[in-house]
Amino acid sequence: MDIQLIPLDEFAKQFGASTPRRQFLFDQARLVISLLRATGQVKRVFVFGSFVSEKPNPNDVDFFVVMAEGFTTSHLKGKIAEVFQNEACRIRYGVDLFWVTEAIGESHILDMREVFSRDRRQQHQPILEIKI
Amino acid sequence: MILDDEQLHQAQSDVQKMWRFLEAARRTHSALDYERLAAPYLLQIQQRQQQILEFLSTKSEELVIA
């Protein structure tokens, strides 16, 4: 399954500008990406769901994040720690964040990319990778 | 909502993939990290299983009539 790799500024133009709701969610998503980058161990960020559809007012932003092997949340505090706790991240930033580390193995990461390429009605939905 | 057998099989396959993913994550991550990462996948599994159960609790003739 080929996935488009998109720079953050292009992602902003395509999906984060057309409506106030999209502008708000993109700003929140950018904050989450900056917190992920602050760990120094983020490897890949996939985005899927309604935010990368044509829906003018998506509910949230769905991220599937792959961290480096050996990454752990045990020493994280504050806002960075919140990003790795799904409920806190969803409430604070409107980002529904699924994460894992590379330790799980590439085949499982590919499986989840495939799962996230379909919505809950089993219809195909776009999935993109943001260039980190 | 699942509408036909093809979608049913796809949903079952996705649930199995998520189960295997979590089994592997449980082996390869610390207890704290696993607890933090597993929650949204478990919710996805629960939602898709609910859809499977709803489909399997209804006869296809009833869906056509509806």
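Shown above is the structure to which this text applies.
Position numbers for residues count from 1 along each chain, tracking the sequence in the order it is written. In the order they appear in the text, chains get letters beginning with A and ligands get numbers beginning with 1. Only residues with pLDDT of at least 70 get local features here, since the model is predicted, and only at 80 or more are side-chain atom pairs given and counted; chain-wide, interface and lining totals rely on the full set of residues. Heavy atoms from the whole structure form the basis of all side-chain values; hydrogens and water molecules are not counted.

Asks: Residue-level account of the side chain of A:Ser117, with values.
Replies: Only runs of H or I of at least four residues qualify as helices and only runs of E of at least two qualify as strands under DSSP, and these elements are numbered from the N terminus. Within the secondary structure, A:Ser117 sits in the loop between helix H5 (106–115) and strand S5 (127–131). At 2.6 Å, the side chain of A:Ser117 and the backbone oxygen of A:Glu114 are in polar contact. Polar contact criterion, stated in full: a pair of N or O atoms within 3.5 Å, where within protein one must be able to donate a hydrogen and the other to accept it, and residues adjacent in sequence count only if both atoms are side-chain atoms.

Asks: Report on the interface of chain B and chain A, specifying residues and quantitative values.
Replies: The interface is formed by 24 residues belonging to chain B together with 27 residues belonging to chain A. Taken together, both faces of the contact between chain B and chain A bury some 2,400 Å²; the carbon and sulfur share is 56%. Considering only the surface of chain B that becomes buried against chain A, B:Lys17, B:Phe21 and B:Arg36 emerge as the three largest contributors, covering 25% of it. By convention in these notes, a salt bridge is any Lys or Arg side-chain nitrogen within 4 Å of a carboxyl oxygen on Asp or Glu. The tally of links from chain B across to chain A stands at two salt bridges. Ionic pairing is found between A:Arg118 and B:Asp14, a salt bridge with its closest N-O pair at 2.4 Å. Inspection of the region where chain B meets chain A yields seven residue pairs in polar contact (both at pLDDT 80 or more). Of all the secondary-structure elements, those providing two or more residues to the side of chain B that touches chain A are helix H1 (5–28) and helix H2 (31–56) of chain B. For the side of chain B that touches chain A, the element with the most residues is H1(B), which contributes eleven residues. Its residues placed into classes, the side of chain B that touches chain A shows ten nonpolar, eight polar and six charged. Contacts are assigned to residue pairs that have any heavy atoms within 4.5 Å of one another. Accessible area that two parts lose when put together, evaluated with a 1.4 Å probe and summed over both, is termed the buried area. When residues are grouped by polarity, Ala, Val, Leu, Ile, Met, Phe, Trp, Tyr, Cys and Pro land in nonpolar, Asp, Glu, Lys and Arg in charged, and all others, Gly among them, in polar.

Asks: Please provide a residue-by-residue account of the pattern of salt bridges, values included.
Replies: Close approach of charged atoms allows side chains of opposite charge to pair. Evaluated as defined, the whole model comprises eight salt bridges over all chains. A salt bridge links B:Lys17 to A:Glu114; the shortest N-O distance between them is 2.9 Å. Taken together, the residues B:Lys17 in helix H1 and A:Glu114 in helix H5 connect one chain to another. Accessible area is worked out with a 1.4 Å probe on protein chains only. A residue is then buried under 20% of its type maximum, exposed over 50%, and partly exposed in between. The exposure class of A:Glu114 is partly exposed, given its relative accessible area of 30%. The salt bridge partner of B:Asp14 is B:Arg48, with a shortest N-O separation of 3.0 Å. One end of the pair, B:Asp14, is in helix H1; the other, B:Arg48, is in helix H2, with 34 residues separating them in the sequence. Comparing B:Asp14 with B:Arg48 shows no difference in burial state: the two are buried.

Asks: Describe the environment of A:Phe98, and please don't skip the residues or the numbers.
Replies: Within the secondary structure, A:Phe98 is located in strand S4 (residues 95–101). In this structure, the C-alpha to C-alpha distance between A:Phe98 and A:Leu5, residues 93 residues apart in sequence, is 19 Å. What A:Phe98 contacts, discounting residues up to four positions off in sequence, is A:Phe48, A:Phe63, A:Phe64, A:Val65, A:Phe116, B:Pro40, B:Tyr41 and B:Gln44.

Asks: I'd like a rundown of the pairing of S5(A), residues and numbers included.
Replies: Working note: regular strand, side chains alternate between the two faces of the sheet. All names here are of chain A. Burial within S5 is extensive, with four of its five residues counted as buried. Where strand S1 (residues 4–7) and S5 come together, four bridges link them in parallel fashion. Bridge assignment links Leu5 to a residue of S5, and that residue is Glu129. At least two bridges found by DSSP between two strands are what make those strands a pair. Alignment of strand S2 (residues 42–48) against S5, held across four bridges, turns out to be antiparallel. Within S5, the residue paired with Phe46 across the bridge is Glu129.

Asks: Explain the environment of A:Ala17 residue by residue, including any values.
Replies: All names here are of chain A. Summarising the element assignment, Ala17 is placed in the loop between helix H1 (8–15) and helix H2 (20–38). You can call Ala17 partly exposed: its relative accessible area is 40%. For Ala17, the contacting residues outside a window of four places in its chain are Ala12, Arg22 and Gln23.

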